[in-house]
Each structure stands twice: as C-alpha cells, then as structure tokens.
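Architecture at a glance
The lines below spell out each chain.
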Amino acid sequence: MITGTPKPIDEILEMLEPYDNIILAGCFGCVTVCRVGGDKEVQILASTIRLAREARGKKIDIKEVCLERQCDPEYLEPMRPYVEDYQAVLSIACGAGIQFLAEKFTRTPLLPGINTGFLGVTERQGEWTERCQGCGDCVLHLTGGICPVTRCAKSIFHGPCGGSVQGKCEVDKEVQCGWQLIIDRLVALDQMDNYVKLKPYKGWDSSRDGGPRRILREDMI
Amino acid sequence: MKSGSNLERVLEAGHFAVTAECGPPRGADPDKVLQKAQFVKGNVDACNVTDNQTSVVRMSSLAGCMLVQQSGTEPLLQMVVRDRNRIALQSDLLGASALGVRNLLCLSGDHQKFGDDPQAKNVFDIDSIQLIHLTKTMRDEGIFPSGDKLEGAPKFYIGCAVNPFADPFEIRVPRLKLKVDAGADFVQTQCIYNMDKFKRYMEETKRQGLHEKVKILAGVTPLKSAGMAKFMNRMVAGIEIPEDIIKRIADEPKEKQAAKGIEICIEQIQEVKEMEGIAGVHVMAIEWEEKLNEIIGGAGLLPRPVVEH
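Residues numbered from 1 in each chain as written. Chains lettered and ligands numbered in written order. Predicted model: local features only at pLDDT ≥ 70, side-chain atom pairs only at ≥ 80, totals over all residues.

Turning next to the overall build of chain B. Across its full length, chain B carries eleven helices and eight strands. The principal-axis extent of the C-alpha atoms belonging to chain B is close to 60 × 45 × 40 Å. Of the contacts made within chain B by residues no fewer than 6 positions apart, 79% connect residues no fewer than 24 positions apart. (Helix = DSSP H or I, 4+ residues; strand = E, 2+ residues; numbered from the N terminus. Contact = placed C-beta atoms within 7 Å.)

Printed below as a string of structure tokens:
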C-alpha cells in the first residue's frame, strides 16, 4: 500500500490561514489502511482544526467527506456540485489523490494534509516499512525475493557495500542491510550462483528517471 | 601494459609495490595538497587522492591528482559512484586520462548521511563493480558502454577496494572474484590489524587462484595512540583491531604511543610482505603523511624501484 504520515498541525493551520470554509477530504483506499487519511482521521483532524481556530477567535466551517478513492475519476465527480461552494479542499489522501483532485477541480486550491510516504507493508500495528520503489523492472527472482533497489540504501546491484556491519546498514543501526538479507535468503534457497554473476547496469529509464510514467493497456481500452 | 602507469610497471616487474594516500583539503588552497605531496614524494609508486571521503566536501579528487602529479608523484584517482551518474563518470574518466592520470580506484562512496550534506540526493546509477566494468570496456574495447566508438580510449590501471573483515565474512572472497571478473587489475584492502583473519581470507583467495589474476596491496594504517585504536574499533565499519595491539600501545606512556604505533605498522608491513599473494602495501597514514618516510623506510622498502617504460 501507499503509506503516509500526518503533517504537523501547525503546518496545516498555516496553510488554512486564508480560508474560513473548506472541504476536508479523506480516502477509503491505502490511507485508510495505514490510518492516516480515512473517515476517522477526517473527523479527528476536522475537530482539531475547529478547536484551534476557535481558540484564535477565527472560526472555520469544515465539510467532512471521505471518498471511495481519490485516484479514480468516478469517485471524484460526486464532489463537483458543491466543491466551488468552498474556498479550498484539504485532502488527506496520498499525493496522487490530492493531485487528481487538483486536476479535476481547477478553480479550487488543493492543500495536502499528509506527507505521502512509500510503497510498503504493515510490520505490526503502527509500524510500516518500505518494500518497493516502483522502478518498473523487477528482479526479485534473482535476489531471493528481496529488492536491492529499495532495501539497500545505495540501491546497488552487487552488495553489500563496506558499510554493512553485523547485518545492519551504515545509515542506521535499526535498518537491516538489504544485501545481508539477500545473501541469507540466497544461501537458504541454494541460489548463491545468482550472487556471483555480474549484473548489467540497471536501466533507470523505466523508473522515475524516465520522466512521469504511464501504463497503457490496449486490451482494456 | 594496460595503462603504462608507474604502479603497473612496478607490480608487473615483480617488485613489492607501495602506495599511500592524500586527502584533499576542505578548501581551495592548493598548498595543502602540495605540502602532503612532499611527504609522499619518493616514498611511493603512486598516491591515492580520495574522493570526498565520508561524504565530507573537499577539493575534487581529480584536481588533487593534478597537484600530486605536478609535485612529482604519480596520482591514483579515487572515484565514487555516490555523486556521479554514468554520464559524469564516463566524462570524468576521459578527462582524467587526458590529463595523464593512469591509475583509478573504483568505490561506492560512504552514504551522504555521514557528511556535510545529509539531505543531498545520492546517485548510485551504477555500482562500484559496474564502474570497474565500464572503465575496462572503455579502455580495452575503445567504446562507450553505449557501443559508440571513442576518440581515444582512456588508459587506466583499474583498482578496487576490498574489506576482508566486513560482514558477512563468507562472501568476502566471492565478492573479490566479482571485482576480478568485472576487470580489476589491482586491489587495495581496508586496514589490516587482525592478521589471523586476513590470513584466512588470503588462503581462500589463493585457493580460487585470485591472487594470480589481481595484484593485492594490503592496507595498513599506523595508530597514533591507544585512543585512536579504540575509536576506530568502535566507529569504523569493518575495522577490527585486536586487543593485544591496543594493549601494546596503551602500555606506553602517552608521548611514546605514536612511536609504538609506527613500530607496529612496520611489523605489519613486514608480515604482509612475507605472505604469498600479497603484491604490495597501501599505507594510509591518515593526516600523518609526514611519517610515511619513516614507516616505509623502516620496513626496508626504500628507495622505490625505477622501472622504465
């Protein structure tokens, strides 16, 4: 899923300073699962903002909504009839959802209420970790199911670097060395022959480096 | 000859090679490099110039190489893949070769987190092993990795670093083999203090015949004090200084600890010199270049041989 973290309330209040009526829009997709942008978070954030603004003697009217998904056009349309009745939309969906709202409702300012994180998994309640950078050219079959692009701080294809110490990464003793994980897994799978092969230079053109990406499935159009 | 560098000639002639290193300054003052280069001159076959080590911004390695070369010592260009994509790497290789640099050390580079600018974007477009391969392709095939023909191939004696003590130990030698397969001509090791572990590493290296395919220069670093030894043990990844070495230094009074450190370093050089498969020594006298003559001379490695083209 796409993960995220709430923006500090002071930053949100600063963004909202010019406005006295807004829509606060959540999303029932990934951000609900990682508990940063669902209907519950919409309610809590709306109350927090109202209280803060009341305390400053500058009341704000907030319409609370939670869309099925902010990244699909059909779920945005229901907002169209009333969106321009408000001065701005504060969205707590991921960056994709917020941008899609901005594209569809061009006359209304869109404000981000969360910082979008990464493609990750739930380790346990309250802890998420990154697994995929969406580089567009998966090699997990060669690396024991562990991604060198994401799990190695240097995204190198022949690791580990000299900074791997007792299975931990040089950037943070709490972070496991991705290449140690890969090697452990290759050893367990008896696939170390994959390790000693020289890998070709990675083509980053299928990643973000090739510019904003598009997937076009002719079979579905 | 692959590059015709002095280091390559010395090693190919069968001499025990000596290299050292100069870290460029945190500023634009060329005299800082020239002063260090004076301590190096005559004591080594080539001198590494580091590339923004520990991600701390310094004068560029190539500029440092030019200053070392001017002062009469053959430079060895360290190049990390942290800060340059493959376009910049190729371009800098061509430029360095055009300016007469003939030795190259291919490195990953410490993560930017450790330096002045932890918020910098890192590159790591290709890794250090792929940089070896890229350089060899340009040198030996006279083409860019893209396949286009070069107007003059760069000439480098291609090196890599290995850390015989890093984790996990069991892939240390397979990793060296990867570097040799990619095209490394020589290796400089991380500083060696744990000789027993290093011998085990060399046994496996020899078993695979790697010492015949690549020239291995054993890394040593003189310890200035027991405090420095303890600090390195604690802070530097993959450094293991055995207790008995620390104790030998700690047993000396403060003012004599540096001399003891040098004495131990000389012993270490003499010990690695006797090991089969070791072709030379890389003396990393960090901010202590003025002691190079004493150390290298003390190990009986002076004067340096002159091997004609």
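Within the largest apolar cluster, 104 residues are counted, with the highest numbers of intra-cluster contacts made by B:Cys47, B:Leu77, B:Cys106, B:Ala184, B:Val187 and B:Val283. Those residues in contact with B:Leu77, other than ones at most four positions away along the chain, are B:Val49, B:Ser61, B:Leu62, B:Cys65, B:Ala96, B:Val101, B:Asn103 and B:Leu104. Residues A:Cys27, A:Leu67, A:Ala93 and A:Trp128 belong to the second largest nonpolar core, which totals 34 residues. (Core = buried A, V, L, I, M, F, W, Y, C linked by C-beta atoms within 7 Å. Buried ≥ 20, exposed ≤ 12 C-beta atoms within 10 Å, placed from the backbone.)

Below, the discussion takes up the packing of helix α1 (residues 9-16) of chain A against helix α3 (residues 39-55) of chain A. Residue and element names in this part refer to chain A. Interhelical geometry of α1 versus α3 gives an angle of 65° and a closest axis separation of 11 Å. Viewed along their axes, α1 and α3 adopt a mutual orientation that is roughly perpendicular. α3 is crossed by α1, and the crossing has right-handed handedness. Across from Ile9, Ile12, Leu13 and Leu16 in α1, the residues of α3 making contact are Thr48, Ile49 and Ala52. Residues of the contact of α1 with α3, tallied by class, amount to six nonpolar, one polar and no charged. (Axes fitted to C-alpha atoms, helices over the stretch in contact; angles between N-to-C directions. Parallel < 35°, antiparallel > 145°, perpendicular 65-115°, else oblique. Left-handed = near helix turned anticlockwise from the far one by under 90°. Nonpolar A, V, L, I, M, F, W, Y, C, P; charged D, E, K, R; others polar.)

Another aspect to go through is the interface of chain B and chain A. The interface of chain B with chain A comprises 26 residues on the first partner and 22 residues on the second. With five residues, the single largest contributor to the side of chain B that touches chain A is helix α6 (residues 172-182) of chain B. Taken together, the residues of the side of chain B that touches chain A break down into eleven nonpolar, seven polar and eight charged.

The next thing to look at is helix α6 (residues 95-104) of chain A. It helps to recall that an α-helix has 3.6 residues per turn; residues three or four apart then point in one direction. All names here are of chain A. Burial in α6 covers these residues: Gly97, Ile98, Phe100 and Leu101. Looking straight down α6, one finds its buried side chains confined to an arc of 160°; they lie on one side. On its buried face, α6 sits against β2 (21-27), α4 (73-76), β4 (88-91) and β5 (110-112). (Arc of directions from axis to C-beta.)

Moving on to the sheet that holds strand β1 (residues 2-6) of chain A. Residues and elements named next belong to chain A. Read across the open sheet, the three strands follow the order β1-β6-β7; overall the sheet is antiparallel. Across the chains shown, the open sheet's two edge strands, defined by having one partner strand only, are β1 and β7 (127-132). Here the strands of the sheet are splayed against their neighbours by 70° on average, with no regard to which way each runs. As paired elements, β1 and strand β6 (residues 114-124) share four bridges and run antiparallel to each other. Bridge assignment links Gly4 to a residue of β6, and that residue is Thr116. (Pairing = 2+ DSSP bridges.)

All names here are of chain B. Strands sit in the order β1-β2-β3-β4-β5-β6-β7-β8 around a closed barrel of eight strands; the barrel is parallel. Going from strand to strand, the sheet's axes swing by 30° on average, the running direction of each strand aside. Note that strand β5 (residues 157-162) and strand β6 (residues 186-191) share four bridges and pair parallel. Paired with Val162 across the strands is Thr189, a residue of β6. Where helix α3 (residues 61-70) meets the sheet, its contacts fall on β1 (17-22), β2 (46-49) and β3 (75-80), and the angle it forms with β3 comes to roughly 175°.

This part covers the domain arrangement of chain A. As assigned here, chain A comprises domain 1 (2-118) and domain 2 (136-210). Using only C-alpha atoms to locate each centre, domain 1 of chain A and domain 2 of chain A end up separated by 37 Å. (Domains from an automatic or database assignment.)

All right, on to the packing of α6(B) against helix α7 (residues 195-207) of chain B then. Residue and element names in this part refer to chain B. Where α6 meets α7, the axes come as close as 9 Å, and the angle between the chain directions of the two elements is 50°. Regarding the angle of α6 to α7, the classification is oblique. Regarding α6 and α7, the two cross each other, and that crossing is right-handed. Residue-level contacts link Arg172, Val173 and Leu176 of α6 to Tyr201, Glu204 and Thr205 of α7. Across the contact of α6 with α7, the residue classes break down as three nonpolar, one polar and two charged.

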